[in-house]
Amino acid sequence: MKASQAARDALGPLAGELAEDSPDHVHARWPHFARLLHGAAEASRWHYVALLCLAALVDEGELAPTAPEYIDSLVFNHRINEALYFKLYHDRLVAEGRLSNRPLRSLRLPARRWNLPNTDCWVSCGDVKSIVVEVAEEAAAVGADARPAWISHALSERLGELNDRLKDAAVMQMMRHAGALNGMQWRRLTKSTSREVVHVRLHAASGMLTTTIRVGGGSPQRKTHALPLLVLPRLSEFEAARFDSHFGVRALGRLVFDALVALRDRSRAASEALESLQWFYDQLLAPLFAKRGVAGRIAELGERPTLVVTTHGALAQLPFAALHDKQCYLGERFNVVQAPPLFPEEDFATGDIDWDSMQGGEPLPQGLPVRGMFNPDLPEARTEAVNLRRHFGVRASLSEGDWDIAALRQLTRGRGLAFLSSHIDPSEDGVAGAMLRTPDKRALAFTSILGEPMAADLLVLAGCISTAQSDWLADGENSLVSLYRRAGVASVISTLWPVDDRATRLYTDALMAALATGRSRAQAHGEAQRQVMGAVVSIGQSQERLIRQPSVGADAIPAEPQMAFDHPYFWGAFTLAGAWR
């Protein structure tokens, strides 16, 4: 049965009485109608309407939930307004064995019509009564036989809409609460971190985008944007018409998706992708870098300092090293590390962030073991395996046995560097459906591989789309990176889109060379990206289209059979998340 039909059925007894009674009697008989409406609201899962009906009935001393388990269930089901109320008042009242009328009688819940400033309003039990009165008055013009069904439908529509608005406001309140906790932890941790690092935090929740920067342990500086107003000019008329409470966050996710599509579609001119990268730079980072004294303090950090970007949701999918300031890519100025929050799966409201990414983790000691598994189905896998032993010598070991759960767990079980190069199949079901393809064509679920604690210092997932991000709109991060990080892997290098095989070989070769000579993870990752960025390779008789930066001609095709890899499609997909020292 559809929810709307279920709601109309639950409202049947109330509609029957309203159809036969005078609208003037609603006020006089409100406790009775409130009891009927409370039962219908609970049956229809309109939890906020039910709470307001409960507030109207407290004078009668009825329907007062008191169990601590009920409070916990409210918290974990994101009914934050309701949970906060009972947490503030009912614990004390229950302990004293009494129930006060005053708090519930004045209960108001915040609601928002849109996710914009000045669209807040307050809803109380009086507003619910007004809806019932209005429906009863309008029903007087409806024929007697059709009146009960008409009242059920009208109440279902209006009360359902009211409950959705209250629910949206509650979810946004929880998102703001989690964002505030996240921000406090971010400021506390970055204050004590390395003085040679630039920290940036980007938090898009509710209707606001908050961007914060801290350079070298100095005071943080912040910029706040009204997110819907920021993204509205970028959308089509059809998309802009779908304006609701979560419009801003949803639209931002759409813009990130469009940027990724433009980057990976090599049939488009490079200028099309570059325009999106410049827009994100202008909105997210340019206001921070323009803050007083920021540019000077960054210059004092020396050449190419580490930039740690803390993101969440859809923003975790952006290739920040590829953002462009109209002069150069961010990856040309910094060694870029992405540090999405790692909210616990059971409760994202705690505001936990990626501690190791903030602090940088432990530096890589010399002599760490190096392990690798390379699927020969990938065109460059054999070359990568040769390079692993060439750079690390006797420290490097390759898995020669079967590709099974035990071998894949052994790769990251102990400390050291781990390279895993194979096909990865993302899933619409999120990381629960992400699969690893083995050389014998089997598919192994990553959730089965990640069934024990891990300790690797760095894991390189060299397959296509190995980030496997699926959580676009929530505050947490739901990806293979987050799964490995929660399991204990200190840092993960992964890819955001299908990568070019030759570019992958160039990147991993440069990464191995830098790590073997003692570079930090951030330095090795940044140098490898820039190595690919500056590479020009022979393409023989291939007719593949040349891609260059617009500064040298976005669509120019030279006569010589060579290809430049300076377009961010080739190097921007590689991201480093986690510890960066």
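Just so you know, these numbers come straight off a predicted model, no measurement behind them.

### Examining unusual backbone geometry
Turning to step 1, where the next piece is worked out: With a phi angle near 65 degrees, R45 is a residue other than glycine that sits in the positive phi range.
Turning to step 2, where the next piece is worked out: When you line up the elements, R45 lands in the loop between α4 (30-43) and α5 (47-57).
Turning to step 3, where the next piece is worked out: Residue R45 is classed as exposed on the basis of its relative accessible area, which comes to 60%.
Turning to step 4, where the next piece is worked out: One non-glycine residue, K326, lies in the positive phi region at around 80 degrees.
Turning to step 5, where the next piece is worked out: Looking at where K326 falls in the secondary structure, it is placed in the loop between β6 (306-310) and α16 (330-333).
Turning to step 6, where the next piece is worked out: Overall, the relative accessible area of 51% leaves K326 in the exposed class.

### Looking at the packing of helix α2 (residues 12-20) against α4
Turning to step 1, where the next piece is worked out: Following both chains from N to C, one finds α2 and α4 inclined at 150 degrees, their axes separated by 8 Å at the closest point. By the criterion of interaxial angle, the relationship of α2 to α4 is roughly antiparallel. Every residue of α4 that contacts α2 at L14, E17 and L18 is listed here: H32, F33, L36 and L37.
Turning to step 2, where the next piece is worked out: For the contact of α2 with α4, the residue count by class is 5 nonpolar, 1 polar and 1 charged.

### Things to note about the sheet that holds strand β11 (residues 424-425)
Turning to step 1, where the next piece is worked out: Taken in spatial order, the 3 strands of this open sheet run β11-β12-β13, and their pairing is antiparallel. The open sheet has two free edges, formed respectively by β11 and β13 (443-445), since each of these has just one partner strand.
Turning to step 2, where the next piece is worked out: Here β11 pairs with strand β12 (residues 435-437) via 2 bridges, running antiparallel. Looking at the pairing, I424 lines up with L436 of β12.

### Comments concerning the packing of aromatic side chains
Turning to step 1, where the next piece is worked out: The final tally for this structure, using the stated rule, is 8 aromatic pairs.
Turning to step 2, where the next piece is worked out: Ring centres 6.1 Å apart and planes at 40 degrees place the aromatic pair Y281 and F289 in the tilted group. Neither Y281 nor F289 differs from the other in exposure class; each is buried.
Turning to step 3, where the next piece is worked out: By way of ring pairs, the aromatic residues Y281, F289 and F334 are connected into one cluster.
Turning to step 4, where the next piece is worked out: Here the basic side chain of R333 rests over the ring of F289, its NZ or CZ set 5.2 Å away from the ring centre.

### Remarks on helix α18 (residues 381-392)
Turning to step 1, where the next piece is worked out: A rise of 1.5 Å per residue sets the reference length of α18, with its 12 residues, at 16 Å; its end C-alpha atoms lie 17 Å apart and thus fit the reference within 8%.
Turning to step 2, where the next piece is worked out: Within α18, burial applies to A381, E384, A385, N387, L388 and F392. The arc that holds the buried residues of α18, viewed along the axis, is 160 degrees, so those residues lie on one side. Exposed residues pointing more than 90 degrees away from the buried face of α18 are listed as R382, V386 and R390.
Turning to step 3, where the next piece is worked out: Looking one or two places after α18, you find G393, whose phi comes out positive at around 60 degrees.

### Points about the nonpolar core
Turning to step 1, where the next piece is worked out: Counting 95 residues, the largest nonpolar core has F280, L284, F289, L315, L388, F419 and L511 as the members making the most contacts within it.
Turning to step 2, where the next piece is worked out: Those residues in contact with F280 that lie beyond four places of it in its chain are L252, L255, V256, A259, L285, L318 and L323.
Turning to step 3, where the next piece is worked out: A19, F33, L54 and L109 belong to the second-largest nonpolar core, a separate cluster that totals 41 residues.

### Concerning the confidence of the model for the chain
Turning to step 1, where the next piece is worked out: A residue-level look at the chain finds 79% of positions with pLDDT of 70 or above and a mean pLDDT of 81.
Turning to step 2, where the next piece is worked out: Of the regions scoring below 50 in pLDDT, residues 344-351 engages in 21 contacts with residues more than four places distant in sequence or in other chains.
Turning to step 3, where the next piece is worked out: Confidence over residues 541-554 falls short of pLDDT 50; this stretch has 37 contacts with residues more than four positions distant or in other chains.

### Considering helix α23 (residues 521-533)
Turning to step 1, where the next piece is worked out: For α23, which comprises 13 residues, the first-to-last C-alpha distance of 18 Å matches the rise-based estimate of 18 Å (1.5 Å per residue) to within 8%.
Turning to step 2, where the next piece is worked out: The element α23 is largely enclosed, with a buried count of 10 among its 13 residues.
Turning to step 3, where the next piece is worked out: Taken residue by residue, α23 has R521, A522, A524, H525, G526, A528, Q529, R530, V532 and M533 as its buried positions.

Conventions and cut-offs
- Within every chain, residues take consecutive numbers counted from 1 along the sequence as written.
- Totals for whole chains, interfaces and linings use every residue, but because this is a predicted model, local features are given only for residues with pLDDT of at least 70 and side-chain atom pairs only at 80 or more, for both listing and counting.
- With hydrogens and water stripped out, all remaining heavy atoms of the structure feed into the side-chain values.
- Secondary structure counts use DSSP, requiring at least four H or I residues in a row for a helix and at least two E residues in a row for a strand, with both numbered from the N terminus.
- Each residue is placed in one exposure class: buried if its accessible area under a 1.4 Å probe, protein chains only, is under 20% of its type's maximum, exposed if it is over 50%, and partly exposed if it falls in between.
- All axes are obtained by fitting lines to C-alpha atoms, using only the stretch in contact for helices, and the reported angles, taken between N-to-C directions, cover 0 to 180 degrees.
- Every angle not falling under 35 degrees, over 145, or within 65 to 115 is termed oblique; those three ranges are roughly parallel, roughly antiparallel and roughly perpendicular.
- Note on contacts: a residue pair qualifies if any of its non-hydrogen atoms lie within 4.5 Å across the two residues.
- Gly is placed with the polar residues, together with every amino acid not listed as nonpolar (Ala, Val, Leu, Ile, Met, Phe, Trp, Tyr, Cys and Pro) or charged (Asp, Glu, Lys and Arg).
- Only when DSSP finds a minimum of two bridges between them are two strands counted as paired.
- To pair, rings of Phe, Tyr and Trp, with the six-membered ring standing in for Trp, must have centres within 6.5 Å; the planes then decide the type, stacked if under 30 degrees apart, edge-to-face if over 60, and tilted in the middle.
- Lysine and arginine charges are scored as sitting over a ring when NZ or CZ, respectively, is within 6 Å of the ring centre and within 35 degrees of the ring normal.
- Any helix carries an expected span of 1.5 Å times its number of residues minus one.
- Think of it as the arc spanned by the lines of direction from the helix axis to the C-beta atoms.
- To qualify as a nonpolar core, a set must consist of buried Ala, Val, Leu, Ile, Met, Phe, Trp, Tyr and Cys residues joined through side-chain atoms within 4.5 Å.
- Confidence of the predictor at the level of single residues is given by pLDDT, which spans 0 to 100.

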